[in-house]
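Descriptive structure summary
If you want the building blocks of each chain, they are given just below.
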Amino acid sequence: MADDPAREPDHESAETEGPAPIADEVAAVVVERFPGSVFAESHGQPVVYVDRSVVVDHLLDGTRRRVDGVEPERFEVVMNFLSHARNRRLRIVCQVPESDPTIASLVPVYPGANFPERESYDLFGITFEGHPDMTRILMPDDWHGFPLRKDDAAARVPVTFKGDPSPR
Amino acid sequence: MSDMTHASEREETRLERQTDEGAQQLRPITREMVIAGGGMWPQDDLGDTMIINMGPQHPSTHGVLRLMMELDGEDVLRIKPVIGYLHTGMEKTGEELTYVQGTTNVTRMDYASNFANELVYSLAVERLLDVDVPERARWIRMMMCELSRMASHLLFQATNGMDIGAVSMMLYGWREREEVLRIFEFITGLRMNCNYIRPGGVAADLPDGWQQRILDACDTVCAGVAEYDELLSQNPIWLERTVGIGVITTEECLERSITGPILRSTGFPWDLRKAQPYLPYDEVDFDVIYTSNGDVYDRYRIRLYEILESAKIVRQCVEKMPDGDFRVQDKKLTPPPRARIDESMEALIHHFKLFTEGFKVPAGETYVAIESPRGEIGCYMVSDGSGKPVRMHIRGPSFYNLQSIDPMGSDSLVADAVAIVSSIDPIMGEVDR
Amino acid sequence: MGLDQVPHNFVTARLEDLVRWGRRNSVFPATFGLACCALEMMATGAAHYDLARFGMEVFRASPRQADLMIVAGRVSQKMAPVLRQVYDQMVEPKWVISMGVCASSGGMFNNYAIVQGVDQVVPVDVYVPGCPPGPETLMHGILTLHEQIRTGELLRRREASPTGGAGIDLGREPALTTS
């Protein structure tokens, strides 16, 4: 999505002190910068699991595959990065607990995260600290609830047949 | 680095003003508010700004987009887009549909180029399944995607022309688009929302006589494009209304995750078909169109020539189409041919299971991105081993591209605001999902 | 013909026939294209499936100048009040065509975000099914509407239910009676 000059210092290929050297040099740098993060690979794409200080794009909850060293919480906030200069992608995933669904906002670094963070707030209820305009974007302003959470019903109208009393 | 802080500063002051507004409100920067159509006009001419609301029902807003504009006379100081009027809960619906049914849902997001949505969803599912699609299927997909790119850009020419004032462009654009829609009906059975590209390949093989029909359609479309070029590209009124309007820089685009023709109009030739080919684009010959001014005229020109490039690709597909299967021949993924159902009990059972329960996808997550006519469309999918996705998120390019309204539209005129929104070419289906 | 003593230059007809002829042959649609159906509606108005032969190519942007609202596309919760407001701004006589399955019944989107049928918000005269309905289907719907205007069924319906359908009590006057 956007280039990342602040995060990639001049061509250091760092290795972490840890179990195995990380194949992807970009991920290696990120892991070194944020201690406590864990690297994994998902279908050939590098993924880094970080602590809460890094931000994200959209959320999911429910059961998922476990990565060693990562404590799963209810929400995962995911940010996909694209580096045009290096022509590669990186995904950063952050676990957000249900009891305290807040996370730092990326808007000061990438103004383009404005809309997606509002969407995440609107549909999941995760608040982004530092976002200039934390309001609903897709649902009406006075909507109650966060529709994409698994415990929010899809509100399906049951199928009715001719002659049935109308469900409305 | 210094340029980036510059842009962030400007953005900060602009964002500061928005802090205590609601999602659907716009508060003026200066003291008093005059709402158009009511109240006394103030006597002083010191620039009390006016707030007007454009949309969501408006012929020029490309679907249900609401723009709140703060005006000082005819000058636009600030534009705030309010979206959500077409929010369909497609991501929630996507969690309730099986992987076989998923493409019917996703195809209605970017409804101007349906195959792009279907393709990105299918690629994500196939990556989670770890299957390879046969060569013929990949070439058919490429051909259909390029045809849908042509249809989408023709739609852009029509609506963009009409918004800027060349009303007859509406008729010309649709006339050529009908040719492409007729091809879709010939091959897939439907003009729009085709549900043709499915996980595992495509739904059916190409019918007899497809080569000649597609070549004829390409010829008609290219002749039409030549007509639009002659009509508009050197037209002084058109140039007056589009050159220098809605300028955006590469850096502003990259900060806001803007991709597609908008990014290419700023001088940055980024096209996922060349950079990270997801279909056999490296085996056909085509150019990436890019310009350097970043204004409305450039974006019109880019989309016009992209139609010709897509026609080039389609002609090469017709020439080079390999033989083979149109779907993965895995009984657990692909339903059997209809004739077999009468003969074999196993085929009947497979058909039944696939269309009621669907197939199961191993647990995992992935993000796949392709180049749709509007930019990078991506699908982030998380699966948990069952027949339905846990999370299916589509990164709609127009959702991010709409954030470009602010740098483009500030300090412009009201008439330019229409041209600018039209040149972004948003499709609200994928903005709101 | 009417008067036998006057051999030419006179044609007589019933006033209501003339009124209905006028109304059905120049219905001006209001632009209410929301989603995919809007593209098929524009295709119907374009050169190949010409709506101008029915007098309808002029899509009025302002609802005050329009007779027909073709609700083309899915109506979300946020859009429903806007829909009602635009409908209210239209001047009588007015008609509504619900184009596509999403407008008619919520379509394939049976969830929290979509109004399950636009007739929950406005009274609908003709439902056009399809996802999206091709231009020929939409034209069939429009011609059905023309037929209903020609036979005057609509005015009788409105007289029967002064709220104009949808069960919403607006305190309006009942429509003019016709015989």
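Refer to the structure printed above.
My aim in this report is to walk through the structure given alongside it, one point at a time. (Residues numbered from 1 in each chain as written. Chains lettered and ligands numbered in written order. Predicted model: local features only at pLDDT ≥ 70, side-chain atom pairs only at ≥ 80, totals over all residues. Heavy atoms only, no water.)

1. What about the nonpolar core?
Under the convention used in this document: Take the buried residues of types Ala, Val, Leu, Ile, Met, Phe, Trp, Tyr and Cys, join any two whose side-chain atoms come within 4.5 Å, and each joined set is a nonpolar core. Each residue gets one of three labels from its accessible area relative to the maximum for its type: buried under 20%, exposed over 50%, partly exposed in between, using a 1.4 Å probe on protein chains only. Only DSSP runs of H or I with at least four residues qualify as helices, and only runs of E with at least two residues qualify as strands; both kinds are numbered from the N terminus onward.
Within the largest apolar cluster, 175 residues are counted, with the highest numbers of intra-cluster contacts made by B:Ile83, B:Met143, B:Tyr196, B:Ile214, C:Met69 and C:Val71. The element contributing the most residues to this core is helix 5 (residues 135-164) of chain B, with 15 residues. In terms of nonpolar packing, the next biggest core, distinct from the first, is built from 20 residues, C:Tyr49, C:Leu51, C:Ile70 and C:Leu145 among them.

2. A look at unusual backbone geometry
Cis geometry marks the peptide bond from C:Cys131 to C:Pro132; its omega dihedral reads -10 degrees. Note on placement: C:Pro132 falls in the loop between strand 4 (126-128) and helix 5 (135-151). Positive phi, close to 50 degrees, is recorded for B:Asn193, a residue that is not glycine. Here B:Asn193 shows up in the loop between helix 6 (168-188) and strand 5 (197-198).

3. Topic: the packing of helix 12 (residues 296-320) of chain B against helix 17 (residues 414-424) of chain B
Residues and elements named next belong to chain B. Applicable threshold: With axes taken as lines fitted to C-alpha atoms, and helix axes fitted only over the stretch in contact, angles between N-to-C directions fall between 0 and 180 degrees. Note on angle classes: values under 35 degrees are labelled roughly parallel, values over 145 roughly antiparallel, values of 65 to 115 roughly perpendicular, and the remainder oblique. Whether a crossing is left-handed or right-handed is set by the direction in which the near helix is turned from the far one by less than a right angle, anticlockwise for left-handed and clockwise for right-handed. By the convention used here, residues are in contact when the closest approach between their heavy atoms is within 4.5 Å.
Two elements in contact, helix 12 and helix 17, have axes whose closest approach is 10 Å; the angle formed by their N-to-C orientations is 30 degrees. Comparing their axes, helix 17 and helix 12 come out roughly parallel. The interaxial crossing formed by helix 12 with helix 17 has left-handed handedness. In this structure, helix 12 uses Val 296, Arg 299 and Arg 303 to contact helix 17, whose residues at the interface are Ala 419, Ile 420, Ser 423 and Ile 424.

4. Quick word on the sheet that holds strand 1 (residues 29-30) of chain C
Residue and element names in this part refer to chain C. Threshold: By the convention used here, strands pair only if DSSP detects at least 2 bridges between them.
What the four strands build is an open sheet, ordered 1-2-3-4; its pairing is parallel. Looking at the sheet topology across the chains shown, the edges are occupied by strand 1 and strand 4. Its contacts with the sheet put helix 2 (residues 36-45) on strand 2 (68-72) and strand 3 (95-99), and the angle it makes with strand 2 is roughly 130 degrees.

5. Here we look at the pattern of salt bridges
We apply this condition: Salt bridge, as used here, is a side-chain nitrogen of Lys or Arg placed within 4 Å of a carboxyl oxygen of Asp or Glu.
Inspection of every chain in the model, using the stated rule, returns 36 salt bridges over all chains. For B:Arg433, the salt bridge identified is with A:Glu119, shortest N-O distance 2.8 Å. With B:Arg433 in the segment after helix 18 (428-432) and A:Glu119 in helix 2 (residues 114-124), this pair bridges two chains. Each of the two residues, B:Arg433 as well as A:Glu119, counts as buried. For B:Glu70, the salt bridge is made with B:Arg78, and the minimal N-O distance between the two is 3.4 Å.

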